[in-house]
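Examining the three-dimensional arrangement
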Amino acid sequence: MLKSFAVSSAILLGITIIESSIFTNLPFLLVVPDFILICNIYFGLLNGKLYGETSGFVSGLFIDFISGTPIGFNSIFRIIIGYIAGIFSDYAILKSIVMPVLSVSIGTLVKRLLILLLAFLFPRTSLHPYGFISYEFLFEFLANILLAPFVFKFLSCFNNSLSIKDTKDMIDNV
């Protein structure tokens, strides 16, 4: 489990750095797709609730440290989304195209709702999220949905290092 957590943390850190340094500087992107959210959902679906929560917490801290948002802001909703994804880990078929699209669309909606809720609860902070019905949200939603199958497929190449389940158990459940 420690090896799996180290590999997933390294992937999350790398994606956080790439997302914050390269994708934010591309002028044609209205909003940066949330690759980290897609990875958190994948890790939760692959390994369960505890792993989804943990990867959500770690990735949220990475984002908070790099972006300068209040510490714990991104961790809160990423923990919740990782937990929700982990609930369905026993039922998820990660090789289909429907599961990535469905889970990431729900995860993106939950993320936006939780950000708006946090901004409403703490109005004196520097959080000014764009609205729920806006071009920015629509672009992020569509980008996340379209990229989800590709990110899931890429991460499935690392299943031997990422999965905490025994491969014999995976074969028996198929």
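Now for a look at the structure at hand. (Residues numbered from 1 in each chain as written. Predicted model: local features only at pLDDT ≥ 70, side-chain atom pairs only at ≥ 80, totals over all residues. Heavy atoms only, no water.)

Overview of the overall build of the protein chain
A count of helical and extended segments in the protein chain gives 8 helices and 0 strands. Mapped in sequence order, the helices and strands of the protein chain form the string α-α-α-α-α-α-α-α. For the protein chain, the residues scored as buried account for 44% of the 174 residues in total. Sequence-distant contacts, at least 24 apart, represent 73% of the contacts inside the protein chain between residues at least 6 apart. Summed over all atoms, the accessible surface of the protein chain reaches about 9800 Å², with 73% contributed by carbon and sulfur. (Helix = DSSP H or I, 4+ residues; strand = E, 2+ residues; numbered from the N terminus. Buried < 20%, exposed > 50% of the residue type's maximum accessible area, 1.4 Å probe, protein only. Contact = heavy atoms within 4.5 Å. Areas by Shrake-Rupley, 256 points an atom, 1.4 Å probe, with all protein chains shown as cover.)

Concerning the pattern of salt bridges
One pass over the structure, following the stated rule, counts 4 salt bridges. Residues D34 and R78 are paired through a salt bridge, measuring 3.0 Å at the closest nitrogen-oxygen approach. Placement of D34 in the loop between α1 (2-21) and α2 (35-47) and of R78 in helix α4 (residues 73-87) is noted, with a sequence separation of 44 residues between them. With relative accessibility at 2%, the residue D34 sits in the buried group. Judged by relative accessible area, which is 3%, R78 ranks as buried. Between E140 and R112 there is a salt bridge, with the nearest N and O atoms lying 3.5 Å from each other. (Salt bridge = Lys/Arg side-chain N within 4 Å of Asp/Glu carboxyl O.)

Brief notes about the environment of I71
Mapped onto the fold, I71 is located in the loop between α3 (49-67) and α4. When the C-alpha atoms of I71 and L61 are compared, they prove to be 6.8 Å apart, with 10 residues separating the residues in sequence. Contacts of I71, omitting those with residues within four sequence positions, involve L61, D64 and F65.

What to know about the packing of aromatic side chains
Tallying each qualifying case throughout the model produces 7 aromatic pairs. The interplanar angle of 85° and the centroid separation of 6.4 Å between the aromatic rings of F43 and Y51 together place this pair among those described as edge-to-face. Given the relative accessible area of 0%, F43 is considered buried. Judged by its relative accessible area of 3%, Y51 is buried. Ring-pair connections join several aromatic residues into one group, and the members of that group are Y42, F43, Y51 and F152. (Phe/Tyr/Trp six-rings, centres within 6.5 Å; stacked < 30°, edge-to-face > 60°.)

A look at a nonpolar patch on the surface
There is a patch of nonpolar side chains on the surface, built from I76, I80, Y83, I84, I87, F88 and Y91 and spanning about 660 Å² of accessible area. On the basis of relative accessible area, I80 is assigned to the partly exposed category, the value being 34%. (Patch = residues over 30% accessible without salt bridge, like charges linked within 9 Å, V, L, I, M, F, W, Y side chains within 5 Å.)

Re helix α6 (residues 135-156)
Here α6 contains 22 residues, and its C-alpha end-to-end distance of 31 Å stays within 8% of the 32 Å for a straight helix at 1.5 Å per residue. Its axis deflected by about 40° at A148, α6 carries its strongest bend there, up to four residues before the proline P149. Of the surrounding secondary structure, the elements contacted by the buried residues of α6 are α1, α2, α5 (98-121) and α7 (159-162). (Expected span 1.5 Å × (residues − 1). Bend = angle between axes of the 7 residues up to and from the residue.)

Remarks on the nonpolar core
Membership of the largest hydrophobic core comes to 30 residues, with the highest contact counts inside it found for I41 and F43. Listing elements by their share of this core, those giving two or more residues are α1, α2, α3, α4, α5 and α6. Considering every element that reaches this core, the biggest residue donor is α2, with 10 residues. Other than its neighbours up to four places away in sequence, I41 contacts I81, A85, S103, V104, G107 and F152. (Core = buried A, V, L, I, M, F, W, Y, C linked by side-chain atoms within 4.5 Å.)

Topic: the side chain of S9
Residue position: S9 is located in helix α1. Residue class for S9 comes out buried when judged on its relative accessible area of 14%. If sequence neighbours within four positions are ignored, S9 has contacts with V58 and F62.

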